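# A structural walkthrough
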Amino acid sequence: METTRFIGREAELVYLAGELADARLLTLTGVGGVGKTRLAARLTRSAAPDLADVVCFVPLSPLRDPALLGNVLLEDLRLADQSLLPAEDVVAQWLADKRALLVLDTCEHLVAGCARVVAKLLAAAPGLRVLATSRQPLGLAEERCFEVAPLPVTGGPGGRAGGRPGDAVALFADRAALASGAFRLGPEESVVAAAVCRRLDGIPLAIELAAARLSELPLARLGTLLSDRFEGLQGPGDDMTVPPRHRTLRTAIGWSHELCAPLERLLWARLSVFTGGFDRVGARAVGAGGPLAGDAVPAALDALVAKSLVRRVPDGRGAERYGMLDTVREFGAWWLRRLGPAEEDGARRRHRDFHLGLARRADAGWMGREQLSWYGRLVIEHANFRTALDFCLADRDGPAAQELAGRLWILWYPCGFAREGRRYAEAALALPPRPGPEHALGLWALAVAAIAQGDTAAGLAAARRFRDSTGPAPSPAETMAASYLEGTALCLMGRLDEAARVLDAAPDTREHTGPYEVAWFVATACRSVAHVMSGEFADAAVVAGRLVDACERRGEHWARAWAGWAAALAADGQGRPHDAVRHALSTIAGKARFRDSVGVAVGIDVLAASLCALDRSDRAARLLGIAQRIWQGLGRPQLGSPELRATRLATESRIRAALGDAAYEERYAAGLHMDTRDGIAYALTTPG
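Quick caveat: nothing in here was measured; it's all calculated off a predicted structure. (Residues numbered from 1 in each chain as written. Predicted model: local features only at pLDDT ≥ 70, side-chain atom pairs only at ≥ 80, totals over all residues. Heavy atoms only, no water.)

### A look at the overall build of the chain
- Across its full length, the chain holds 33 helices and seven strands.
- Considered along the principal axes of its C-alpha atoms, the chain spans approximately 85 × 60 × 45 Å.
- The buried share of the chain, taken over its 688 residues, is 59%.
- Of the contacts made within the chain by residues no fewer than 6 positions apart, 71% connect residues no fewer than 24 positions apart. (Helix = DSSP H or I, 4+ residues; strand = E, 2+ residues; numbered from the N terminus. Buried < 20%, exposed > 50% of the residue type's maximum accessible area, 1.4 Å probe, protein only. Contact = heavy atoms within 4.5 Å.)

Dropping the structure here:
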């Protein structure tokens, strides 16, 4: 989202719109700070409506591991990632029949990975176009590159001196007015502003940083200081092998760094460990220490904001959040390294500890009235959790990695990132084992993620390792957690008698608070479903009702939606289709609040079955197509459960019999080709 006025680039936008219409891969290259991201965003806004039905802007600067590129694409495309298929394959399959524009922003640190993924997607999806921004090309044969030039200082041909003020000066004036409301660009100011912009080679970021100084310096003094700076030392690591414009930007950022107070520089360096932004609480937790007291962090942060080194970033939830542009953050990271290993390690450990504490609080608060708030917070901190986990793994800190992966079970399951959770849990558990509660949490995360993917064999194996890890005298909560994991895996494998014995032997921990608090709720949902699969519909309804009551007392939504699914299955089995429709709709609505695509898919399946019983087969056929589209992304339809699969096939047979094959195929295909969001909206318009 642009928070300041976009200036200039009219000719570039016209030219690039034509290039994008003609090419399947267009890469905007250029030095850091030259405005590639903003130009790509503006180009996307103007050109995309004529070129694509699906547009997705994917910021890659927070990502460090190219192995997660597919996961990030799934996340930004809002696709389910519980599948066992490679993430890139899921994306390729989904894009195969679409006119889509994928914007990959900031590829330079992942060039090889981006090139591989883009080549795969372009081959799979004929209607796909990719717009990339990078400091270097991706290197693919079909790639067209456009080097984004700095803004012209004057408006004459080629930006030569002597003409009217150019876009660089217009940008300086606009940002100067934001920094100092008294600033006006008269003839004298225009001369100085042009000299400043020329000294900064017309690089937008450098110009914005200089203009921000007018909140505390008069323009003439700014011009003098900047000229002195450029005649003296240049930026970190600069030498004559570095292209001049790179040296210009580094020098401009270094000059801004010199003009910061010492504590502001220290905070800048420490905040560079964040990826994906931070809030004021996080800034204090990571930034405070040594000479920078916690009480001094807010003022230092506000000073960095005033200097345009840190920017306020809308988060869509009304919360105050901050971030740094990549080049500014890179300078802070360089400075952090210069401060020494102890300072850098300390900042990264505080970052890890802050996010471990956040994960602990989310785990403790999930089964209550703040659940939706925790959902939003965990998703927005996703990149920082990755960074914290990567630090634990690089530091070979098994207990911290295992606990963090375990506490983040919410991110892996309710929030829909099962694939990534399994990867991190496996990596954490591969570190030197130390028996203890952290190891058990890691196994919990592994089992939960595997079951969410429908890999019931791996989930059952992890569940049994979890039970063994709790020792000879497990707590009731640990026993219930093990029973849930084993019982769910067995139920989905069709081993219903074993599942029933395991679940019925578990203690009642519905009042428990602390680790594994969720286990009773999801185990109870599973027990109700197992009753359904065994034909015990009245028992299933009683158990589901018990779960609904417990969830509503807590003000909880996610497990409540599972209770709605179980209740819908029970009502359908009892011949109460109106009740089944009502419960199914509550499941779909509840799961759609999260990224829980499994819950949405099973809810639509049972809704279709219930509508078939109400002689509304036309709508039911379309719903089966909508559900199938979701299941295709999940990899294992009906989670691999033979009973759920048989129910789905029986529903299809009844609808075919009611409509005839041709009508069924037509309506099913219409649902299959609906966008998932539109499909969910269609399901939810069903009268209860």
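Having seen the model, we can carry on.
### What about the packing of helix α28 (residues 577-592) against helix α33 (residues 676-684)?
- Running from N to C, α28 and α33 cross one another at 145°; their axes reach a closest spacing of 10 Å. α33 is crossed by α28, and the crossing has left-handed handedness. Of the residues in α33, those in contact with Leu585, Ile588, Ala589 and Ala592 of α28 are Ile680, Ala683 and Leu684.
- A breakdown of the residues in the contact of α28 with α33 according to their chemical character gives seven nonpolar, no polar and no charged. (Axes fitted to C-alpha atoms, helices over the stretch in contact; angles between N-to-C directions. Left-handed = near helix turned anticlockwise from the far one by under 90°. Nonpolar A, V, L, I, M, F, W, Y, C, P; charged D, E, K, R; others polar.)

### A word on the packing of aromatic side chains
- Scanning the entire structure with this criterion turns up 20 aromatic pairs.
- With 4.9 Å between their ring centres and 35° between their planes, Phe274 and Phe278 make a pair best called tilted.
- Residue Phe278 is classed as buried on the basis of its relative accessible area, which comes to 2%.
- Between the aromatic rings of Trp520 and Phe521, the centroid separation amounts to 5.0 Å while the plane-to-plane angle is 90°, which identifies the pairing as edge-to-face.
- You can call Phe521 buried: its relative accessible area is 1%.
- The ring of Tyr424 has Arg423 lying over it, and the distance from NZ or CZ to the ring centre is 5.5 Å.
- Above the face of the Tyr682 ring, Arg619 is positioned so that its terminal group lies 4.0 Å from the ring centre. (Phe/Tyr/Trp six-rings, centres within 6.5 Å; stacked < 30°, edge-to-face > 60°. Lys NZ or Arg CZ within 6 Å of the ring centre and 35° of its normal.)

### Some remarks on the nonpolar core
- Ranked by internal contacts, the top residues of the largest apolar core, which has 155 residues, are Leu60, Trp444 and Trp558.
- Among the elements that line this core, the one with the most residues is helix α25 (residues 519-533), at 11 residues.
- The contact partners of Trp558, leaving out residues within four places of it in the chain, are Trp366, Gln371, Trp409, Tyr413, Pro414, Val518, Val522, Lys591, Phe594 and Asp596.
- Residues Leu39, Val148, Leu226 and Val273 belong to the second largest nonpolar core, which totals 79 residues. (Core = buried A, V, L, I, M, F, W, Y, C linked by side-chain atoms within 4.5 Å.)

### Brief notes about helix α11 (residues 262-271)
- Counted residue by residue, α11 has seven buried out of 10 residues, so it is predominantly covered.
- Within the sequence span of α11, burial applies to Glu264, Leu266, Leu267, Trp268, Ala269, Arg270 and Leu271.

### Focus: unusual backbone geometry
- Unusually for a residue other than glycine, Arg9 sits at a positive phi of about 70°.
- Mapped onto the elements, Arg9 comes out in the segment before α1 (10-22).
- Given a relative accessible area of 5%, Arg9 falls into the buried group.
- For Tyr516, which is not glycine, the phi torsion reads 70° and is therefore positive.
- Counting through the fold element by element, Tyr516 comes out in the loop between α24 (496-504) and α25.

### Structural notes on the packing of helix α27 (residues 558-573) against α28
- As a packed pair, α27 and α28 sit with axes 8 Å apart at the nearest point and diverge in direction by 155°. Comparing their axes, α28 and α27 come out roughly antiparallel. Note that α27 runs across α28; the crossing there is left-handed. On the side of α27, the interface is formed by Trp558, Arg560, Ala561, Trp562, Gly564, Trp565, Ala567, Ala568, Ala571 and Asp572, while α28 contributes Asp579, Ala580, His583, Ala584, Ser586, Thr587, Gly590 and Lys591.
- For the contact of α27 with α28, a count of residues per class yields nine nonpolar, five polar and four charged. (Parallel < 35°, antiparallel > 145°, perpendicular 65-115°, else oblique.)

### Digging into helix α7 (residues 187-199)
- Along its 13 residues, α7 runs 19 Å from first to last C-alpha, staying within 8% of the 18 Å computed at 1.5 Å per residue.
- Just beyond α7, the residue with positive phi is Asp201, at close to 60°. (Expected span 1.5 Å × (residues − 1).)

### Overview of the side chain of Ser272
- With respect to the helices, strands and loops of the structure, Ser272 is situated in the loop between α11 and α12 (280-287).
- Take Ser272: its relative accessible area is 4%, and that puts it in the buried class.
- Ser272 has contacts with Met324, Arg329, Gly332, Ala333 and Leu336, leaving out every residue within four places of it along the chain.

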